[in-house]
Amino acid sequence: MALSLTAEFAPGERVALRPDLALPDWALLADRAGREALAAAMAVAGRRERWAALDDAEDAVRRTVLLGFAAFGAPPSVMEIAASTGLDRDAVRTALARLTERDIVVLDETGAVAAAYPFSAEATPHRVTLAHFGTTVHALCAVDALGIGGMLGADTLIESRCAASGAPVTLRTEDHGHTLAKLAPADTVIWYGIAHAGGCAARSGCALKLFFRSEPDLVAWRTRNGEYPGYRLSAPVAFQLALALFTPMLGGGQRADTATTVSL
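For the structure given in this document, a descriptive report is provided here. (Residues numbered from 1 in each chain as written. Predicted model: local features only at pLDDT ≥ 70, side-chain atom pairs only at ≥ 80, totals over all residues. Heavy atoms only, no water.)

### Here's the deal with helix H5 (residues 89–101)
Next, step 1: Along its 13 residues, H5 runs 18 Å from first to last C-alpha, staying within 8% of the 18 Å computed at 1.5 Å per residue.
Next, step 2: If you check which residues of H5 are buried, you get Val92, Ala95, Leu96 and Leu99. Projected down its long axis, H5 shows its buried positions confined to an angular sector of 100 degrees, all on one face. In H5, the exposed residues that point more than 90 degrees away from the buried face are Asp90 and Glu101.
Next, step 3: Buried positions along H5 lie against helix H3 (56–72), helix H4 (78–85), strand S3 (105–107) and strand S4 (113–116).
Next, step 4: Within two residues after H5, aspartate 103 carries a phi angle of roughly 60 degrees, on the positive side. (Helix = DSSP H or I, 4+ residues; strand = E, 2+ residues; numbered from the N terminus. Expected span 1.5 Å × (residues − 1). Buried < 20%, exposed > 50% of the residue type's maximum accessible area, 1.4 Å probe, protein only. Arc of directions from axis to C-beta. Contact = heavy atoms within 4.5 Å.)

### Some details on the packing of helix H1 (residues 32–44) against helix H8 (residues 235–246)
Next, step 1: Contact pair H1 / H8: the axes reach a minimum separation of 9 Å and the direction vectors enclose 45 degrees. Judged by the inter-axis angle, H1 sits oblique to H8. The crossing of H1 and H8 is right-handed. Of H8, the residues touching H1 (which contributes Gly34, Ala37, Leu38 and Met42) are Val237, Leu241, Ala244 and Leu245.
Next, step 2: When its residues are assigned to classes, the contact of H1 with H8 shows seven nonpolar, one polar and no charged. (Axes fitted to C-alpha atoms, helices over the stretch in contact; angles between N-to-C directions. Parallel < 35°, antiparallel > 145°, perpendicular 65-115°, else oblique. Left-handed = near helix turned anticlockwise from the far one by under 90°. Nonpolar A, V, L, I, M, F, W, Y, C, P; charged D, E, K, R; others polar.)

### Looking at the environment of arginine 63
Next, step 1: Tracing the backbone shows arginine 63 in helix H3.
Next, step 2: Arginine 63 sits 187 residues away from leucine 250 along the chain, and the two C-alpha atoms are 6.8 Å apart.

### A look at the pattern of salt bridges
Note that side chains of opposite charge can pair when their charged atoms are close.
Next, step 1: One pass over the structure, following the stated rule, counts 14 salt bridges.
Next, step 2: A salt bridge links aspartate 59 to arginine 62, with the nearest nitrogen and oxygen atoms 2.8 Å apart. Residue aspartate 59 and its partner arginine 62 are located together in helix H3, separated by three residues, close to a single helical turn.
Next, step 3: We classify aspartate 59 as buried; its relative accessible area is 8%. (Salt bridge = Lys/Arg side-chain N within 4 Å of Asp/Glu carboxyl O.)

### Observations concerning the nonpolar core
Next, step 1: In terms of nonpolar packing, the biggest core is built from 87 residues, with Leu38, Leu96, Tyr117, Leu152 and Tyr192 touching the most fellow members.
Next, step 2: Top element by residues in this core is H8. It accounts for ten residues. (Core = buried A, V, L, I, M, F, W, Y, C linked by side-chain atoms within 4.5 Å.)

### Some details on the sheet that holds strand S13 (residues 230–234)
Next, step 1: Sheet architecture is open: three strands sit in the order S12-S11-S13, paired in antiparallel fashion. Of all strands in the sheet, those with a lone pairing partner are strand S12 (209–212) and S13, marking the two edges. Taking each pair of neighbouring strands and ignoring which way they run, the sheet shows an average axis angle of 20 degrees.
Next, step 2: In this structure, strand S11 (residues 189–193) lies alongside S12, joined through four bridges in antiparallel fashion. If you follow tryptophan 191 over to S12, its bridge partner there is leucine 210.
Next, step 3: Its contacts with the sheet place H1 against S11 and S13, and it is angled at close to 140 degrees to S13.
Next, step 4: Relative to the sheet, helix H7 (residues 215–224) contacts S11, S12 and S13, its axis offset from that of S11 by approximately 30 degrees. (Pairing = 2+ DSSP bridges.)

### Here's the deal with the packing of aromatic side chains
Next, step 1: According to the stated counting rule, one finds two aromatic pairs in the structure shown.
Next, step 2: Their ring planes at 15 degrees and their centres at 4.9 Å tell us that phenylalanine 69 and phenylalanine 119 sit as a pair that is stacked. Pair noted here: phenylalanine 69 is in helix H3 and phenylalanine 119 is in strand S5 (residues 119–120), with a separation of 50 residues, a long-range link. The residues phenylalanine 69 and phenylalanine 119 share a single accessibility class, namely buried.
Next, step 3: On the numbers, 5.4 Å between centres and 55 degrees between planes, the contact of phenylalanine 212 with tryptophan 221 is tilted.
Next, step 4: Residue classification places phenylalanine 212 among the buried positions, given a relative accessible area of 0%. (Phe/Tyr/Trp six-rings, centres within 6.5 Å; stacked < 30°, edge-to-face > 60°.)

Take a look at the structure:
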């Protein structure tokens with residue numbers, strides 16, 4: 001559905017996290033509704049303003065956190081980030097605070113990393129097992145789960161559940177996370193809810209990006225939750241959207257069989 005946004009983000013527009021890294025990669029998302037959905041999410045979260053122009057410390061800490069989740073299934077500590085990046089602990093804490101203001105990282109009340117898109121340190125309905133890494137992580141939402149493999153260049157097994165019925169939903173990616181190879185049930189659809197509150201997508205919009213085992217399940221859920229706007233996406237289109245957003249996150253999607261894993 002079309003949404004009225006105060007700061008529109010046009011399909012095709014990109015945000016430069018640094019001069020050599022911009023996202024989304026719109027070439028991976030041909031579907032019109034998918035492009036509109038991703039642009040709407042970028043707009044409502046203010047990604048143009050908040051994600052642009054990371055400094056070297058911010059980017060080093062961001063990358064280390066993402067690779068730490070992949071390598072160990074949990075986020076690295078401040079001490080581990082410092083050891084990996086060569087930054088001192090105060091510099092790491094400063095970078096984490098700035099990344100939190102940008103809504104790239106979420107910290108808990110102790111200052112530890114609670115989430116970094118697409119990962120959650122807490123259990124969610126979306127479990128993703130990473131081939132090569134041998135780890136299982138939790139994704140913040142359905143689309144984040146679909147994008148993890150492409151970001152890391154790793155095949156994945158995604159185990160989630162229908163938000164209406166609780167029934168299992170299983171997906172598998174191949175070709176280093178870039179091909180959707182299995183979908184069960186075959187009629188699975190995704191609701192891509194558009195919301196942003198408190199300056200944090202992880203605690204607002206992510207809760208509305210959900211798997212449904214069938215169209216009737218989505219319709220039933222929408223009957224009860226009709227106040228939340230969004231887009232109904234087929235699984236292949238949602239997968240394209242996820243790749244468009246997350247494949248560039250680490251510089252184009254590094255293959256797990258050749259990537260240098262973070263050293264902590």
